[in-house]
Each structure stands twice: as structure tokens, then as C-alpha cells.
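# Commentary on secondary and tertiary structure
This is what each chain is made of:
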Amino acid sequence: MASYLETVREWFRARLDGPGGLSTPEGATLGLRVLAIWRSRMIAQALRAQSGGLVLGGPFAGMAYLESATEGALAPRLIGTYEDELHPHLSTALAEEPEVILDIGCAEGYYAVGLARIAPRAEVFAHDTAAAALQACRTMAEMNGVSERVHTGGLFQPVDFQRFQGRRCLVIIDIEGAEDDLLRPDLAPALAGMRLIVETHDVYRPGVMDRVRERFEATHEITEVHPAPKTAPLPDILRNRSHLDQLLAVWEFRAAPTPWLVMKPRRSA
């Protein structure tokens, strides 16, 4: 935390001394974001100390967690509100007892390890292009006793979906716009029988959500899910904190809307 605080200090010194600095709306917004991330990390540190490093709520309650997330906010993961808009869709998907769960863009394994814990019959394949993320995912799988069912790998290509053709698959994708390249039913016909939860990133690839929807309209029932305000009860440690701390505790660091497409196949695998 100290090193990050020093980074924040240097960042602000450079901008306060430079031309324009933080006086523009864009500069002020960026400055607020930097401070908010710093405060969120402090809150996460307090949450870990209180919880013993376990997730406190949500479907993955009780999961042992690392000291940091490889990407995004740790605090809402520990609280259990992270992407809770997806909780009912995950519950529906798990009720179908998937044989295979593909987590593409797995980061440290929030979904890969969390789902392995609550779907003990499923085999989980966690993919990421960052070596640090894959190592973190393997570590967290070991911490939670599911390493035998969580298999890690690097870049996942469209043709790789064919390896799982005919099996009940749940696919979760968060790859910062590269969903445009990966989700190619013309190259991977097996996708027609897979249940998909895809975070879309028009912020990086304008129009990608509409393109993905168009590719799957014939084979899937599609629900568009947008991030929404958090309404779950906060853990005791946060109930007497300031309103700002309570907001930052569940903030997921999103710089722009990244809605999900939840896609259920019209036919079984």
C-alpha cells in the first residue's frame, strides 16, 4: 500500500505543477479516479483483516482470497457484490449442472475458483493471456482445494471451443473487447450449444455488443444485463463508515458501461 500511495503522491505532484494540471473536467475526473482507487484499496485491506481473507457474501461466500486482484477492485469481491447483476443468471446456469465451465479472461480466478467450489462436478478451464493472472488463479485454486479441477491455459482461440462440443458448457468471457475476435460461430459451430455470459466492451471496440448479438440471435435467447446500483447489505465493518467509503467499497473500477450478454442456446449441446 505504501508504494501505491507514493505513486499517487508523485502522480498528483506532477499534475499540480504542470500546465493545465487538474483544472480541466477530464483532469479532475482522472484525479478523483486515482484517489478513489487508493481509498478502495485501503478498504479492501481492512476487509481482509476482518474476514481472514475470506469472501464474506454472495455465491462464493467462504472462498479464500488472495491479497490483491490482478485486475479491478478487490473490495467488492471480498464483500460478495462484485458483478452481482449476474448472480441470478449464474444460479440458473448452475441448475443445469454444466460438465464444463470455461472462464476466458479469468484474472486471478474469481469465477474459475468460485464456480469450482459450488459446482463440484464441473471441470473448469481458466484462460488468460497474462502469466501473472494464471499463476494467481492456480494459487487461489490450491488455497480452496479445487486445483485438481481447475486447469489453466493461455490464449483461447475460436477453434478451441470445438474441443467441448457435445458437452454441457457454461462459458464466461471478459477479454476487454477481444470477444469480437473470439466469438465466431462460423469458426466454432460448437458455440451454438453453449450457454454464454459475455461482458462486452464497446468502450474499446465500438459496436462489439451489437455484432456479437447479431451472430448469436439465430441460435440463442439473449438477455442484455447492465450494471446497476448495489443493494445488498454491507458487512458489519462498513456499516458505520462514511457514505463515501460505503460507495467505494462496492465500486468495481469501471471507467465506462460494460454490459453483459447472457445467451442461452435454443437447443441443447
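Cut-offs applied
- Residues numbered from 1 in each chain as written.
- Predicted model: local features only at pLDDT ≥ 70, side-chain atom pairs only at ≥ 80, totals over all residues.
- Heavy atoms only, no water.
- Helix = DSSP H or I, 4+ residues; strand = E, 2+ residues; numbered from the N terminus.
- Rg over C-alpha atoms; globule rule 2.2 N^0.38 Å.
- Contact = heavy atoms within 4.5 Å.
- Areas by Shrake-Rupley, 256 points an atom, 1.4 Å probe, with all protein chains shown as cover.
- Buried < 20%, exposed > 50% of the residue type's maximum accessible area, 1.4 Å probe, protein only.
- Lys, Arg positive; Asp, Glu negative; His and termini not counted.
- Salt bridge = Lys/Arg side-chain N within 4 Å of Asp/Glu carboxyl O.
- Expected span 1.5 Å × (residues − 1).
- Pairing = 2+ DSSP bridges.
- Axes fitted to C-alpha atoms, helices over the stretch in contact; angles between N-to-C directions.
- Core = buried A, V, L, I, M, F, W, Y, C linked by side-chain atoms within 4.5 Å.
- Phe/Tyr/Trp six-rings, centres within 6.5 Å; stacked < 30°, edge-to-face > 60°.
- Arc of directions from axis to C-beta.

## Remarks on the overall build of the protein
Scanning the protein for helices and strands turns up ten helices and seven strands. Computed over its C-alpha atoms, the radius of gyration of the protein comes to 19 Å, within 12% of the 18 Å expected for a compact globule of 269 residues. The principal-axis extent of the C-alpha atoms belonging to the protein is close to 60 × 40 × 35 Å. Of the contacts formed within the protein by residues at least 6 apart in sequence, a portion of 74% connects residues at least 24 apart. Summed over all atoms, the accessible surface of the protein reaches about 13,000 Å², with 53% contributed by carbon and sulfur.

## What to know about the side chain of Asp103
Secondary-structure assignment places Asp103 in strand 1 (residues 100-104). Buried charged residue Asp103 carries no salt bridge. Nearest counter-charge: Arg77, at 9.2 Å. With near-sequence residues (within four places) excluded, Asp103 lies in contact with Tyr111, Ala112, Phe125, Ala126, His127 and Ile172.

## Observations regarding helix 6 (residues 131-143)
Its 13 residues place the ends of helix 6 18 Å apart at the C-alpha level, agreeing with the 18 Å of an ideal helix rising 1.5 Å per residue. Check the buried side of helix 6 and you find it contacts helix 5 (110-118), strand 2 (123-127) and strand 3 (150-153). Within two residues after helix 6, Gly145 carries a phi angle of roughly 70°, on the positive side.

## Some thoughts on the pairing of strand 5 (residues 195-199)
Judged by how many residues are buried, strand 5 sits mostly within the fold: five of five residues are covered. Along strand 5, one buried face is formed by Arg195, Ile197 and Glu199 and the opposite face, lined by Leu196 and Val198, is buried too. Sheet topology note: the strand 4 (residues 169-173)/strand 5 ladder contains four bridges and is parallel. Bridge pairing links Leu170 to Arg195 in strand 5. Where strand 5 lies against strand 7 (residues 260-265), four bridges are found, and the strand directions are antiparallel.

## Concerning the sheet that holds strand 7
Taken together, seven strands build an open sheet; the order of strands is 3-2-1-4-5-7-6 and the sheet is mixed. With one partner strand each, in any of the chains shown, strand 3 and strand 6 (220-225) form the two edges of the open sheet. Neighbouring strand axes in the sheet, compared pairwise and without regard to direction, differ in orientation by 15° on average.

## Remarks on the nonpolar core
If you look at the biggest cluster of nonpolar residues, it comprises 49 residues, and the most contacted ones within it are Met63, Tyr65, Ile101, Tyr111, Leu115, Val150 and Ile197. With six residues, helix 5 is the single largest residue contributor to this core. If sequence neighbours within four positions are ignored, Ile197 has contacts with Leu86, Leu90, Leu170, Val171, Ile172, Ile173, Trp260, Leu261 and Val262. Counting residues in each nonpolar core, the second largest holds 25 residues, with Val100, Phe125, Phe216 and Leu261 among its members.

## Digging into the pairing of strand 7
Judged by how many residues are buried, strand 7 sits mostly within the fold: five of six residues are covered. In this structure, strand 6 lies alongside strand 7, joined through six bridges in antiparallel fashion. Looking at strand 7, one finds that Glu224 is bridged to Leu261.

## Here's the deal with the packing of aromatic side chains
What the rule picks out here adds up to eight aromatic pairs. Judged by centre distance (5.1 Å) and plane angle (75°), the rings of Phe60 and Tyr110 are edge-to-face. Placement of the pair is Phe60 in the loop between helix 2 (25-51) and helix 3 (75-79) and Tyr110 in helix 5, with a sequence separation of 50 residues. Grouping residues by exposure puts Phe60 and Tyr110 together as buried.

## Section: the pattern of salt bridges
Scanning all chains against the criterion turns up 20 salt bridges. Residue Lys230 pairs with Glu85 through a salt bridge whose shortest N-O separation is 3.2 Å. Residue Lys230 is located in the loop between strand 6 and helix 9 (236-239), and its partner Glu85 is located in the loop between helix 3 and helix 4 (87-95); the two are separated by 145 residues in the primary sequence. Through salt bridges that share partners, Glu83, Asp84, Glu85, Glu199, Lys230, Glu252 and Arg254 make up one connected network.

## Quick notes on the environment of Glu67
With respect to the helices and strands, Glu67 occurs in the loop between helix 2 and helix 3. Relative accessible area serves as the criterion here: at 66%, Glu67 is assigned to the exposed category. Taking the C-alpha atoms as reference points, Glu67 and Gln45, separated by 22 residues in sequence, lie 8.0 Å from one another. Leaving out residues up to four positions away in the same chain, Glu67 has contacts with Arg48 and Leu74.

## Re helix 4
Of the residues making up helix 4, those classed as buried are His87, Leu90, Ala93 and Leu94. Viewed end-on, helix 4 has its buried residues packed into an arc of 125°, placing them on one side of the element. Next to the buried residues of helix 4 lie strand 1, helix 5, strand 4 and strand 5. Looking one or two residues beyond helix 4, the residue adopting positive phi is Glu97, at roughly 50°.

Distances and angles like these do not, on their own, reveal function.
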